[in-house]
Amino acid sequence: MNLTATLTPGEIETLSNPHGSIQHTSRTFERLTDQTSFGPEGAFEKSIRIKNTLDYFEELTRAEPSWRSLAILMNCEYQLWRVNEDILLKLNPFLSHWVEAIQRLGSHDTLAAESSHPKEAISTYEIDTARVLWIKTVLHSRDIGQYLASTPVELASELLDRGISEPFDLQSYVRMLEDEGIYEKTPEPESTTSLSTRSEADGHSDQGHKKATDRDHSFDDDIRQEKESILRNIKEQPETAIFELTHLPINITYLDFLTTLLADHTLEKHSIDPAHVITQYIQHALRTIERMEKPPSPPSEPMDEWSDDRLVGREELEYGKEAQTRRILLLLLFIKSLIRKGVVELDVLYFEIAEITVRYVWIKEVREFRTWAEEGIEVDGARG
């Protein structure tokens with residue numbers, strides 16, 4: 001499975017009924033995904049497909065809001081939570097998705113009149129607001145089961161009409177991400193405004209929205225500028241570009257960027273050997289993950305400017321087996337995607353795969369990956 005895969009048309013259709021209960025839809029979806037064309041897949045791979053589907057329908061809703069899209073978005077958010085519910089929330093790889101969705105979509109000042117009543121049409125604004133309130137409910141509720149008998153239409157109407165039952169502190173979830181090194185730590189605000197139940201439906205204040213928006217824009221701008229710089233260097237300074245590409249952080253955004261460059265043959269067009277970039281990136285990633293076993297001791301001497309210890313600092317590394325596992329799972333997805341797309345042959349990565357399957361054999365998905373690699377696979381066609 002590749003990092004940009006979405007749910008299949010059949011899976012999406014299952015989640016698209018606005019008048020089917022969340023619970024019934026979930027059971028049907030579970031049965032269907034057991035028979036997916038992607039074959040046996042782990043929870044993380046399935047979650048990636050759900051997340052990509054959410055992104056697609058969020059964008060589609062901008063132009064074509066519908067009850068069908070509402071159902072898909074609300075069912076997908078529940079499925080993303082359900083598939084990962086056994087993971088401690090602060091370690092959940094999709095916590096940042098939920099936090100950023102709330103920041104991005106939960107900025108409306110007021111609700112539209114009569115928005116809680118089912119009608120023939122639904123607005124983008126109402127879909128966004130209902131989705132934000134549903135995410136807050138899923139994250140905050142001690143008994144999510146009480147909502148599952150409702151349909152997306154019923155649930156959205158209830159949430160838009162009444163909001164959520166308890167105040168929701170988004171900052172507590174942001175702090176989890178900061179503590180885990182996903183976000184950079186920010187100064188504590190001087191005071192926190194307590195929102196009433198109804199104000200959850202009314203949205204954040206202009207000032208709070210501005211801060212969240214500025215932070216999101218800054219983060220997005222940094223990534224965009226870095227990608228643009230790499231693309232320029234591929235054309236003008238290939239040696240610099242190779243260094244940058246082989247030292248990219250191990251996260252979905254950058255892995256997707258690198259996968260696209262490789263699948264589109266961008267590197268070959270500028271006489272850069274893709275196999276060299278792939279193997280060097282994986283080797284650097286493995287050295288980074290190895291360092292994550294435990295926090296380093298303070299250096300007794302200044303680090304060399306180009307040392308790996310200096311370079312991995314930009315990733316704000318977290319430590320421990322859970323952190324290592326998350327990065328290894330991302331790396332496995334990256335490798336499988338490249339092989340299935342025909343970007344690289346399995347034997348080119350023989351030593352890298354051997355190191356992963358020996359060093360991290362204690363991870364269930366690694367053992368499954370070893371079986372997958374040993375049995376061989378059918379290579380998907382390269383991206384057109």
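Residues numbered from 1 in each chain as written. Predicted model: local features only at pLDDT ≥ 70, side-chain atom pairs only at ≥ 80, totals over all residues. Heavy atoms only, no water.

In the annotation of an unreviewed UniProt entry, the entry for the chain reads CCR4-NOT transcription complex subunit 11, and the organism field reads Setomelanomma holmii.

Comments concerning the side chain of Thr33
Looking at the element boundaries, Thr33 is found in helix α2 (residues 22-33). Accessibility expressed as a relative area gives 4% for Thr33, which makes it buried. Separated by 3.0 Å, the side chain of Thr33 and the backbone oxygen of Glu30 make a polar contact. Of the polar contacts made by the side chain of Thr33, one reaches the side chain of Lys46; its length is 3.3 Å. Once you skip the residues sitting within four places of it in the chain, Thr33 turns out to touch Glu11 and Lys46. (Helix = DSSP H or I, 4+ residues; strand = E, 2+ residues; numbered from the N terminus. Buried < 20%, exposed > 50% of the residue type's maximum accessible area, 1.4 Å probe, protein only. Polar contact = N/O pair within 3.5 Å; in protein donor to acceptor, adjacent residues only side chain to side chain. Contact = heavy atoms within 4.5 Å.)

Quick word on the pattern of salt bridges
If the charged atoms of two oppositely charged side chains come close together, the side chains can form a pair. Tallying each qualifying case throughout the model produces 16 salt bridges. A salt bridge links Glu11 to Arg49; the nearest nitrogen and oxygen atoms lie 2.8 Å apart. Taken together, the residues span a long stretch of sequence, with Glu11 in helix α1 (residues 9-15) and Arg49 in helix α3 (residues 43-63) at a distance of 38 residues. For Glu11, a relative accessible area of 1% translates into the label buried. For Arg49, a relative accessible area of 0% translates into the label buried. Between Glu77 and Arg131 there is a salt bridge whose closest N-O contact spans 2.8 Å. Within this pair, whereas Glu77 is found in helix α4 (residues 67-83), its partner Arg131 is found in helix α6 (residues 124-140), the two being separated by 54 residues in sequence. No difference in accessibility class separates Glu77 from Arg131, as the two residues are buried. Beyond isolated ion pairs, a larger network of salt bridges with shared partners links Glu58, Glu77, Arg104 and Arg131. (Salt bridge = Lys/Arg side-chain N within 4 Å of Asp/Glu carboxyl O.)

What about helix α7 (residues 152-162)?
Residues of α7 that are buried include every one of Pro152, Val153, Leu155, Ala156, Ser157, Leu159 and Leu160, and no others. Backbone geometry just after α7 places Gly163 at a positive phi near 75°.

What to know about the confidence of the model for the chain
Residues at a pLDDT of 70 or more form 76% of the chain, whose mean pLDDT is 79. For the chain, the element scoring lowest by mean pLDDT is helix α14 (residues 308-312), at 40; α4 scores highest, at 96. For residues 377-384, every residue scores under 50 in pLDDT, and the model assigns this stretch 19 contacts once sequence neighbours within four places are set aside. (pLDDT = per-residue confidence, 0-100.)

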